[in-house]
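Coordinate inspection notes
Spelled out, the chains give:
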Amino acid sequence: MKTLCLTSIAHPALDAVAYQLHASGLAPARPSPRGDGMDIAAWHQRVLARQAGGSGATQLGRLWEQLAADIFMGNLDAPVWGWTEPRSVELLDFWHHFDPQLYFVLLCISPEQALAHAIATPTDAASPAEVLQRWHDTHQAMLRFHLRHPERSVLITADEALAQPARLLDLLVSRWALPLQPQGDAAPMPAAALIDPVAHYLANRLIQGHSAEHALQQEVLASLTPLSDDNTSTTAALTTDLVIAAYRQLCDRSKEAEALERAHAELTTTRFALNKQIADLAQARDEQARLATDRQAQLDALTKDKAALAAELTDAREEGELLLTQLHQVQEELESLFLKEQQTAQQLAAAQADKTSLSAARDTLNKQIADLTKTRDEQTRLATDRQTQLDALTKDKAALAAELTDAREEGELLLTQLHQVQEELEHYFLEHQKLKHERQAQDERWQRMLQRTPDYCDFAILTARPATEPATLDWQLDGLETAGRRIPQLACQTLLIDGAAAIRIPRSAGQALLHWPADTDAAEVLLAPGAEAAQGALARLATSDLVLLQNLATVFQHALQTPDQLQLPADFPAARLQAALAQLPRQLAALPPALRFDRITLRNNQTNPDYEHLWLVLDNLSLGTQRWPQFEFRLSCANVGPRRFGTHPKLEFPQHVGQAPLPGWFDESYDDHGAKLELRFALPDAMDVQIWNRLGPPDHHFLRALIDALPTLLATLQTSGAQISRAWQDWFKLADDSRRILALRAPIANALQD
């Protein structure tokens, strides 16, 4: 049984080489047969978490050796097996002494590729310096191990291993007699396929000046194990065209995401309209159901009435038949009496009194017969009317039943359409969420790139032409992207003032500056570090405004190095203007540190009977060379009364969102939002010096700048149209009182602390 350990710094190329070896017969490592779930990855994780030894550790203890032996026992029946684990670099000496049949493939990855992988990985929060240190430690350990044990290890580059898989396999088979078989369909993999062009471009920019990494890289290359006799090295090539194509692809995907965002907005509008239609249809369906219920109730009532009428008609018919039978009996009796009367005419003549009595009885019977006949006719007419009513009710019931059936079918159709619309909306919503997440990942990656390369600047077209003033150029940039912003078109001027460069931006280019000077109605603004009149405008610039000026100066300075391409006149002093523009970024960087920001928004305006606050959110905050993507704090006032605003102003810095610029932040108090740090004042001139003294000089520097900028922050927020529950003038007075008290008490507190 032979074993292979493939290790290097964590990188996709490591997994790609491992895949080629597994496809050629290298069995993957199986876990321990003890059933405790211990595999080679878990073994490394637990050992390195408990042991203090680094790459020089050879003795870990009998427990860890036994656990490792269990894993080897689980792979005993494999002719050749192995594992891929970056953490094995720290335990190379241990594994070398553990098993003489264990061989090592040490994969070298360039520092540019390692840094590019870290940039392109959203979950890697390490800084460039940390990534390069990690690379340096790993490759130094692999180089030392290979030089000490060349008979048990090979040191090769990832580029060569991926480009020449067959030669790598031949090397392993010939050196250690490993039972590996090459695959006929194994094709070389260019290392460039694993590299993000934009990330690699940034990595090349960041790696410049790191002499230690370059020196170690040259030492590693000099000690490589050759894959073939010609010792040809294959290196991943990255051209400017690939970088530009990748960047344009990123822009196209961003545009597609924006188009999908607009489509989602349209779908949302359509969804709202469909929801309204569905609600209307549901209301109509409910109305139809209610109407059908009412009609069913009416039909049931009519059916009940019909049954009652039918019973009453039956009773009437039986009563009429009984009366008719009685009438026939009376008629028969009358006929019998009439015959008897004829037969006894002589007897009647003798008994005249009896005849008169019989005549009266006959009249009475005739009257009864007439009444019974009239009653029978009335009952017959009533039965006919009721039968007519029953026929009409039956017809109405059939119509109601048909109408109810139609209403039910229509409701079922509407319900089916509703389900279809809901399924479509769910599909579009999931697609939108997916695109939203992809765009968020792209935006986060783009922001990381901008933070690491703040001088990034790109444009489509750059033109320049002389202006009427001497040594002045009119510039126009189309498709400008810099300082995290995209400006479709920017027109400006560069000029010389007392030999120093300056930039003039017209007000018509309002998109260029986020913070245009609010106290001037001039048609243009002059931005010149050396001009006293321009200092006010420079102090009010946003964070990205200052970066924009520095990048514009660099772009113009580089363009003036080749004035022929700009088609400038031969007598134009391009060299003098170019030299002055080269100094402009350093002059802007040397401006007095000021608190700058891109945008300010009002997150909340809290109003309680005895307390009020404005919760402010600042985007892209900077102070000197320090930057923070977002910062939140609360400007508040306690001891508020019915007729007074309050006498206790304070600044509140919530945990997580308000502690980034304050390295000395501590949980001084708590409220409904969690832990916070408070800096409290009290009129007329008191301040909580204990809190101030617990903070360090960096915190003092930031707090002074923040409190000095409070009037500017409130004015910017008021200009943006934010609505608050109290007059703005009260908050401006609160800010002025806080500035006055800090200026009075902070020097005294610092002196007492010293």
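Rules of the game
Residues numbered from 1 in each chain as written. Predicted model: local features only at pLDDT ≥ 70, side-chain atom pairs only at ≥ 80, totals over all residues. Heavy atoms only, no water. Helix = DSSP H or I, 4+ residues; strand = E, 2+ residues; numbered from the N terminus. Buried < 20%, exposed > 50% of the residue type's maximum accessible area, 1.4 Å probe, protein only. Contact = heavy atoms within 4.5 Å. Areas by Shrake-Rupley, 256 points an atom, 1.4 Å probe, with all protein chains shown as cover. Core = buried A, V, L, I, M, F, W, Y, C linked by side-chain atoms within 4.5 Å. 1 Å grid on protein atoms, 1.4 Å probe; cavity = no way out; pocket = protein on both sides within 12 Å on 5 of 7 lines; lining within 4 Å. Points joined across faces, edges and corners; volume = space filled by probe spheres on them. Nonpolar A, V, L, I, M, F, W, Y, C, P; charged D, E, K, R; others polar. Axes fitted to C-alpha atoms, helices over the stretch in contact; angles between N-to-C directions. Parallel < 35°, antiparallel > 145°, perpendicular 65-115°, else oblique.

Right, let's get into the overall build of the chain. A tally of helices and strands in the chain yields 21 helices and 19 strands. Across the 754 residues in the chain, those meeting the buried criterion constitute 41%. The long-range share in the chain, meaning contacts at least 24 apart out of those at least 6 apart in sequence, stands at 68%. Surface exposure of the chain reaches about 40,900 Å², of which carbon and sulfur atoms provide 53%.

Let us look at the nonpolar core. Soluble globular proteins tend to pack their nonpolar side chains together in the buried interior. Residues Leu4, Leu21, Trp43, Trp95 and Leu172 are the most contacted members of the largest nonpolar core, which totals 61 residues. No other element matches the seven residues that strand β4 (residues 102–108) contributes to this core. Counting 48 residues, the second-largest nonpolar core is a separate cluster that includes Phe631, Cys637, Leu706 and Ile741.

A few words now on the layout of surface pockets. Here the second largest pocket is characterised by a volume of approximately 750 Å³. Taken together, 26 residues form the lining of the second largest pocket, with His515, Arg540, Phe597, Thr712 and Thr716 sitting closest to its centre. Those elements that place two or more of their residues in the lining of the second largest pocket are β12 (595–596), β13 (599–607), α19 (697–708) and α20 (710–719). Broken down by element, the residue count for the lining of the second largest pocket peaks at four residues, all from α20. Residue classes in the lining of the second largest pocket are distributed as 15 nonpolar, five polar and six charged.

The next point concerns the packing of α19 against α20. The interhelical angle for the contact between α19 and α20, taken along N-to-C directions, is 45°, at an axis separation of 4 Å. Relative to α20, α19 is oriented oblique. Where α19 abuts α20, its residues Leu706, Ile707 and Asp708 lie against Leu710, Pro711 and Leu713. Taken together, the residues that form the contact of α19 with α20 break down as five nonpolar, no polar and one charged.

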